[in-house]
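A closer look at the structure
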Amino acid sequence: MQKTILVAGGAGFLGSHLCVALLEQGHKVICVDNLVTGRKENLEKLLKHPNFVFKKHDVIKPITLKADEIYHLASPASPVHYQKNPLATFQANVWGCWNLLELSKKNKAKFLFASTSEIYGDPLVHPQIEGYWGNVNTIGVRSCYDESKRAGETLCVDFRRMYGVEAKIVRIFNTYGPNMDAGDGRVVSNFIVQALQGKPITVYGQGKQTRSFQYVDDLVTGILKVMAASNFYGPVNLGNPGEFTIMELAEKVIKATGSRSRIVHKPLPQDDPKQRKPDIALAKKTLGWEPKIPLSDGLVKTIAYFQKRLKIKA
Ligand code: NAD
Ligand code: UDP
């Protein structure tokens, strides 16, 4: 059955892939975005699609429209960007979430909130299970993002408890792939762009901190499964459990690009989590989902994307 689906944040990296997947399933997609970090280029092909509508709108303000399902991805995600205007980041995840939950309530629409592994903060439990409450600084530079995502999760469960809104929560771990902005500031795009341009690879701190990197296609499959699952609301971790130090990532990118860039060390940002790896047992059991694309394969696809974008010959 064809549905009308609202994707808030649909012009961003993840949102643009989600819009494509939903259109491929035959649905009508309304993409709402204020373009603070998103780009119309990500929607280039979609704008001509008869089932696709783009509306420039800030989710901090209420919106009225008809939809059967609502995905809330509208928030800056890169530490560089979410720290530029911390109050706007907080509003996107709290006021924006509230507004979109109200819209879900009005429409009796299913809702999905893009939460994050950041809600675990600098985790003391490793790997991170959904039952872990986290270790988060309330007053640090990352707090506008971490705490607003935590509050967004609270709103989801309370709209469900009070009004029966079918609000679902996914906790997304570091995801990468085509449509990331070259100036996004996150580690995978930074390293690839630096390597392709022959610039120094900027490793923050000693590079001993770890992250688990998930290719975007795996994430989109997981998100769609969560929305489709009946009587399942999460929170559920969606990430690739492969864990790498940032130095290992730098070395992999240098190798995969054949770059002659050298590694330079820059100061470690405040409150940078030391380790991160999802426990995905819940997603495996309830959704039959697990990531399929290893980091080495995902890097090749992402490098090809940036080569094209930056017009660098392979
Ligand atoms: P992105 O910055 O590429 O996309 C976010 C999109 O939301 C952009 O198009 C931006 O313009 C839009 N937006 C931001 N604030 C808005 C507002 N107030 N009103 C309307 N639109 C607004 O980031 P992304 O990586 O695609 O992340 C998408 C979502 O997934 C975010 O909510 C992010 O917190 C979450 N997430 C992403 C990752 C990841 O690794 N990519 C990890 C965890 C969670
Ligand atoms: N990082 C780095 N060099 C960069 C960008 C990031 O060493 O050019 C590190 C950052 O300090 C963190 C990790 O890479 O430890 C992941 O950073 P990112 O901003 O991608 O996401 P985070 O998981 O911190 O939100």
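Below: a short report on this structure. (Residues numbered from 1 in each chain as written. Chains lettered and ligands numbered in written order. Predicted model: local features only at pLDDT ≥ 70, side-chain atom pairs only at ≥ 80, totals over all residues. Heavy atoms only, no water.)

**Digging into the environment of Ala 195**
Counting through the fold element by element, Ala 195 comes out in helix α5 (residues 187-196). As for Ala 195 and Lys 311, which are separated by 116 residues in sequence, their C-alpha atoms are 14 Å apart. (Helix = DSSP H or I, 4+ residues; strand = E, 2+ residues; numbered from the N terminus.)

**Structural notes on the sheet that holds strand β6 (residues 167-172)**
In spatial order, the strands read β3-β2-β1-β4-β5-β6-β11; together these seven strands make up an open sheet with parallel pairing. Two strands in the sheet have a free side with no partner beyond their single neighbour: β3 (52-56) and β11 (236-238). Neighbouring strand axes in the sheet, compared pairwise and without regard to direction, differ in orientation by 20 degrees on average. Where strand β1 (residues 4-8) meets strand β2 (residues 28-33), five bridges bridge the pair, whose relative direction is parallel. Looking at β2, one finds that Leu 6 is bridged to Ile 30. In the packing of helix α3 (residues 86-107) onto the sheet, contacts are made with β1, β4 (69-72), β5 (110-116) and β6, and the angle to β4 comes to roughly 180 degrees. (Pairing = 2+ DSSP bridges. Axes fitted to C-alpha atoms, helices over the stretch in contact; angles between N-to-C directions. Contact = heavy atoms within 4.5 Å.)

**Quick notes on the nonpolar core**
If you look at the biggest cluster of nonpolar residues, it comprises 61 residues, and the most contacted ones within it are Leu 18, Phe 52, Tyr 71, Ile 223 and Leu 299. Filtering out sequence-adjacent residues up to four positions away, Tyr 71 remains in contact with Ile 5, Leu 6, Val 7, Ala 8, Leu 18, Leu 22, Leu 112, Ile 223, Leu 224 and Met 227. Core analysis: the next-biggest nonpolar cluster, separate from the first, contains 24 residues, Leu 6, Ala 109, Cys 156 and Ala 167 among them. (Core = buried A, V, L, I, M, F, W, Y, C linked by side-chain atoms within 4.5 Å. Buried < 20%, exposed > 50% of the residue type's maximum accessible area, 1.4 Å probe, protein only.)

**Points about the site of ligand 1**
Not every one of the 29 residues close to ligand 1 is listed here, only the nearest: Leu 14, Asp 33, Thr 37, Asp 58 and Tyr 145. The separation between an oxygen atom of ligand 1 and a polar main-chain atom of Phe 13 is 2.9 Å. In this structure, Val 59 approaches ligand 1 through a main-chain N or O atom, which is 2.9 Å from a nitrogen atom. Protein chains bury 97% of the 820 Å² of accessible surface belonging to ligand 1 in isolation. Counting only elements with at least two residues in the shell around ligand 1, the list comes to α1 (13-24), β5 and α4 (143-163). (Near = heavy atom within 4 Å. Polar contact = N/O pair within 3.5 Å; in protein donor to acceptor, adjacent residues only side chain to side chain. Areas by Shrake-Rupley, 256 points an atom, 1.4 Å probe, with all protein chains shown as cover.)

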